[in-house]
Amino acid sequence: MVLLAILALAAHAVTPAWGAGKPSYEKRDRAIFDLLDDNHDGVISMPEFKNNQMLIFYLLDRNKDLVLTKNETALPADVFDEIAGPEGKINTIEFLNVVDKAFKNADTNHDSTIDRKEFNALMRRVRE
Ligand SMILES: [Ca+2]
Ligand SMILES: [Ca+2]
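Nothing here was measured: the structure is a model prediction, and the numbers come from that model.

Asks: Which residues make up the coordination of the calcium ion (ligand 1), and what are the values?
Replies: Here the calcium ion (ligand 1) is held by Asp37 (OD), Asn39 (OD1), Asp41 (OD), Val43 (O), Glu48 (OE) and Glu48 (OE), and the distances to it run 2.2 to 2.5 Å. Of note is the calcium ion (ligand 1), whose 6 donor atoms meet at the metal with angles of 54 to 156 degrees in an arrangement that counts as irregular. Read N to C, the donor residues that coordinate the calcium ion (ligand 1) are spaced as D-x1-N-x1-D-x1-V-x4-E. Take Asp37: its relative accessible area is 2%, and that puts it in the buried class.

Asks: Tell me about the packing of aromatic side chains, and name the residues and values.
Replies: Across all of its chains, the model carries 4 aromatic pairs by this definition. Aromatic pair Phe57 and Tyr58: ring centres 5.8 Å apart, planes at 85 degrees, arrangement edge-to-face. In this structure Tyr58 comes out as partly exposed when scored by relative accessible area, which is 39%. Measuring from centroid to centroid gives 5.0 Å for Phe57 and Phe95, while their planes differ by 65 degrees, and the two rings are edge-to-face. Of the two residues, Phe57 sits in helix α3 (residues 46-60) while Phe95 sits in helix α6 (residues 92-106), which places them 38 residues apart along the sequence. For Phe57, a relative accessible area of 0% corresponds to the buried category.

Asks: Kindly report on the coordination of the calcium ion (ligand 2), identifying the contributing residues and their values.
Replies: Distances from the calcium ion (ligand 2) to its protein donors, Asp107 (OD), Asn109 (OD1), Asp111 (OD), Thr113 (O), Glu118 (OE) and Glu118 (OE), fall at 2.2 to 2.5 Å. One can describe the donor arrangement at the calcium ion (ligand 2) as irregular, given that its 6 donor atoms subtend angles of 54 to 159 degrees at the metal. Counting along the primary sequence, the residues that act as donors to the calcium ion (ligand 2) give the motif D-x1-N-x1-D-x1-T-x4-E. For Asp111, a relative accessible area of 38% corresponds to the partly exposed category.

What counts as what
Residues numbered from 1 in each chain as written. Chains lettered and ligands numbered in written order. Predicted model: local features only at pLDDT ≥ 70, side-chain atom pairs only at ≥ 80, totals over all residues. Heavy atoms only, no water. Donors = N, O, S within 2.8 Å, 3.2 Å for Na, K, Ca; no water. Tetrahedral: all angles 85-135°; square planar, octahedral: opposite > 155°, others 65-115°. Buried < 20%, exposed > 50% of the residue type's maximum accessible area, 1.4 Å probe, protein only. Phe/Tyr/Trp six-rings, centres within 6.5 Å; stacked < 30°, edge-to-face > 60°. Helix = DSSP H or I, 4+ residues; strand = E, 2+ residues; numbered from the N terminus.

Spelled out as structure tokens, the structure:
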């Protein structure tokens, strides 16, 4: 669920660039990967992952109060509630916790980076 949330946010940030026409999953996955892989060395490191997720956080945080409300995220309600907790808002710490977990989950060979194979496997898991 948490993985899905992160990728939904990433997809949300990438999607407006497409314009008309629906890209294939493969194309979209590649675009998200390239977006996250800042130095284009073919793997996503933890700092790259975190920096870009923070960028997404600030993009989503329309009123810049440093918390995300339900209408800012476009997440399914149950996913939002799971991340936000009882106060009903996602702060940066909660957000980075989720990012941290998502990264560790995706890094199946535990080498502290996410390569294309791990990324594709993650996207497949999310879709199923
Ligand atoms: Ca990289
Ligand atoms: Ca890895």
